[in-house]
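Here's the letter readout for the chains.
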Amino acid sequence: MSFWDESIKIGNRTFSRFIGGPLDGITDSPFRQLVRDFSKDELLYTEMRHVRCVANDKGAAKALRFEQFERPLNFQFAANSPEFVETACNKVLQAGVDAIDLNIGCPARNVIGSGSGSALMADLHRLEAIVKAFRAAVPLPLTVKIRAGFKEKNAIDVAKLLQDCGVDAIAIHPRLQTQKFEGRPDYAYAALVKQAVSIPVILSGNIVNFKTAQLAYEQTGADGFLIGRGIWAKPWKLQELKAHARGEQYVVDNQTVMRYALKHLDGLISYYGPHGLFVFRKHLPFYVKGHREATELRRELLRANQIEHVKEKLVSFFGA
Ligand SMILES: Cc1cc2nc3c(=O)[nH]c(=O)nc-3n(C[C@H](O)[C@H](O)[C@H](O)COP(=O)(O)O)c2cc1C
């Protein structure tokens, strides 16, 4: 069995090495449902939700509105104190998930402004209290998604602390908060984090195909590989990675891309109502990218207000 066919053990569960990462506003329930047409067993993260919102049902109804066939799911939380952790976790556990994740990597100003996300990497005392509250509340695998650090690299110390608190796996996106999503992720530093702990380490950053996954493995020794932007408008991506890891061909023809663009739009409308058309605008450019005349189509459809019009245009675009 090759390295890529082996699974990774997170707590008492095993998962494929390829994992669908969280992209807020992108990898929502309708998108995850599309992924499940191709990949049944791969772990998928939900988008990040603050424990306070879930505990107080503020926006939580939507956060907890997912289908059981989207599982295995790793529900991702943000938190800035241990308050609400237990209540929020209980709600999510009742909804049915397979793992719970704490995000301490988000660089967004409004998130770090409240002391959540990557700001926690600069406050180990508070981080420890929060992680201990999660560990006490979560009988499932508990993971934490980190960065290289907040303003300065300290992921090695953070990883050791998380392991000592009983966390089952770490996902690292090896950039600082100041780098947001730009610049090269520091794989060499991620390799040091991997060497510093014995729990599984999942690498996030610039993995878009099997070649980049192999490179990430060679340079970091990571156990798992989180696909972020590489899955955007490519719900078959995890399946493609698995096929390429086995040396098999994986061809996605235009008809499949069209079918999934249309299915995605339908899924967004049924989940969000008519607003789903506006949500689809974030996905549309990625479905048509690389095709001739994509620019004109994009320009036209990003202004379109009629669902049927968008569908007809997509059909004639891909059918042409
Ligand atoms: C639009 C967008 C939304 C994101 N939302 C989240 C999120 O909710 N939670 C999280 O942990 N990371 C989030 N990330 C970070 C990704 O999960 C990932 O770590 C990062 O993009 C690097 O990986 P990539 O190069 O494969 O995209 C987001 C990234 C982008 C670009």
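Residues numbered from 1 in each chain as written. Predicted model: local features only at pLDDT ≥ 70, side-chain atom pairs only at ≥ 80, totals over all residues. Heavy atoms only, no water.

K.L.:
Can you help me understand the overall build of the chain in this one?
P.N.:
Helix and strand content of the chain: 15 helices and 11 strands. On C-alpha atoms alone, the chain measures out to a radius of gyration of 20 Å, which is about the 20 Å that the 2.2 N^0.38 rule sets for 320 residues. The dimensions of the chain, computed from C-alpha atoms along their principal axes, are 60 × 45 × 35 Å. Here the chain, with 320 residues, has 55% of them falling under the buried criterion. Pairs at least 24 residues apart make up 71% of the contacts formed inside the chain by residues separated by at least 6 positions. Carbon and sulfur atoms make up 50% of the accessible area of the chain, which totals about 14,000 Å². (Helix = DSSP H or I, 4+ residues; strand = E, 2+ residues; numbered from the N terminus. Rg over C-alpha atoms; globule rule 2.2 N^0.38 Å. Buried < 20%, exposed > 50% of the residue type's maximum accessible area, 1.4 Å probe, protein only. Contact = heavy atoms within 4.5 Å. Areas by Shrake-Rupley, 256 points an atom, 1.4 Å probe, with all protein chains shown as cover.)

K.L.:
Would you mind going over the nonpolar core with me for this structure?
P.N.:
Across soluble globular proteins, nonpolar side chains show a tendency to be buried alongside one another. In terms of nonpolar packing, the biggest core is built from 94 residues, with Phe77, Phe134, Ile146 and Leu314 touching the most fellow members. Here this core takes 7 residues from helix α11 (residues 254-272), the largest share from any one element. Each of domain 1 (8-245) and domain 2 (254-319) accounts for three or more of the residues forming this core. Once residues within four sequence positions are removed from consideration, Ile146 is found in contact with Ile104, Gly105, Met121, Ala155, Val158, Leu162, Ile170, Ala171, Ile172 and His173. The next biggest cluster of nonpolar side chains, apart from the first, holds 10 residues, and it includes Ile19, Ala169, Ala171 and Leu226. (Core = buried A, V, L, I, M, F, W, Y, C linked by side-chain atoms within 4.5 Å. Domains from an automatic or database assignment.)

K.L.:
Would you take a moment to explain the packing of aromatic side chains for this structure?
P.N.:
Given two aromatic rings, one states the distance between the centres and the angle between the planes to describe the pair. Here the structure, examined in full by the defined rule, presents 16 aromatic pairs. Ring centres of Trp4 and Phe210 lie 5.1 Å apart, and the angle between their planes is 80°; this geometry places the pair in the edge-to-face category. Note that Trp4 is positioned in the segment before β1 (8-10) and Phe210 in helix α9 (residues 210-220), a separation of 206 residues in sequence. Judged by relative accessible area, which is 11%, Phe210 ranks as buried. The interplanar angle of 45° and the centroid separation of 5.1 Å between the aromatic rings of Trp4 and Phe225 together place this pair among those described as tilted. Of this pair, Trp4 sits in the segment before β1 while Phe225 sits in strand β11 (residues 224-227); the two residues are 221 residues apart in sequence, bridging distant segments of the chain. With respect to class, Trp4 is no different from Phe225; both count as buried. An aromatic cluster is defined as three or more aromatic residues linked by ring pairs; in this entry it consists of Phe3, Trp4, Phe18, Phe210, Tyr217 and Phe225. A cation over a ring is seen here: Arg17 above Phe3, with NZ or CZ 3.6 Å from the ring centre. Here Lys153 stacks its cationic end above the ring of Tyr189, 5.6 Å away from the centre of that ring. (Phe/Tyr/Trp six-rings, centres within 6.5 Å; stacked < 30°, edge-to-face > 60°. Lys NZ or Arg CZ within 6 Å of the ring centre and 35° of its normal.)

K.L.:
Got a minute to help me understand the domain arrangement of the chain in this structure?
P.N.:
Many structure descriptions define interface size as the accessible area lost when the parts assemble. Here the chain is described as being made up of domain 1 (8-245) and domain 2 (254-319). Counting residues at the interface gives 15 residues for domain 1 and 14 residues for domain 2. For the domain 1 and domain 2 pair, buried surface summed over both sides reaches about 1,400 Å², with 64% attributable to carbon and sulfur atoms. Of all residues in domain 1, Pro30, Leu34 and Trp232 give up the largest surface area on contact with domain 2, accounting jointly for 32% of the area buried on that side. Where domain 1 touches domain 2, the interface holds 1 salt bridge. (Buried area = accessible area lost by both parts, 1.4 Å probe. Salt bridge = Lys/Arg side-chain N within 4 Å of Asp/Glu carboxyl O.)

K.L.:
How should the environment of Ile112 be read in this particular structure?
P.N.:
Among the secondary structure elements, Ile112 is positioned in helix α5 (residues 109-113). Given the relative accessible area of 17%, Ile112 is considered buried. When the C-alpha atoms of Ile112 and Arg126 are compared, they prove to be 14 Å apart, with 14 residues separating the residues in sequence. Setting aside residues up to four positions removed in sequence, Ile112 forms contacts with Cys106, Pro107, Ser118, Ala119, Phe150 and Gln177.

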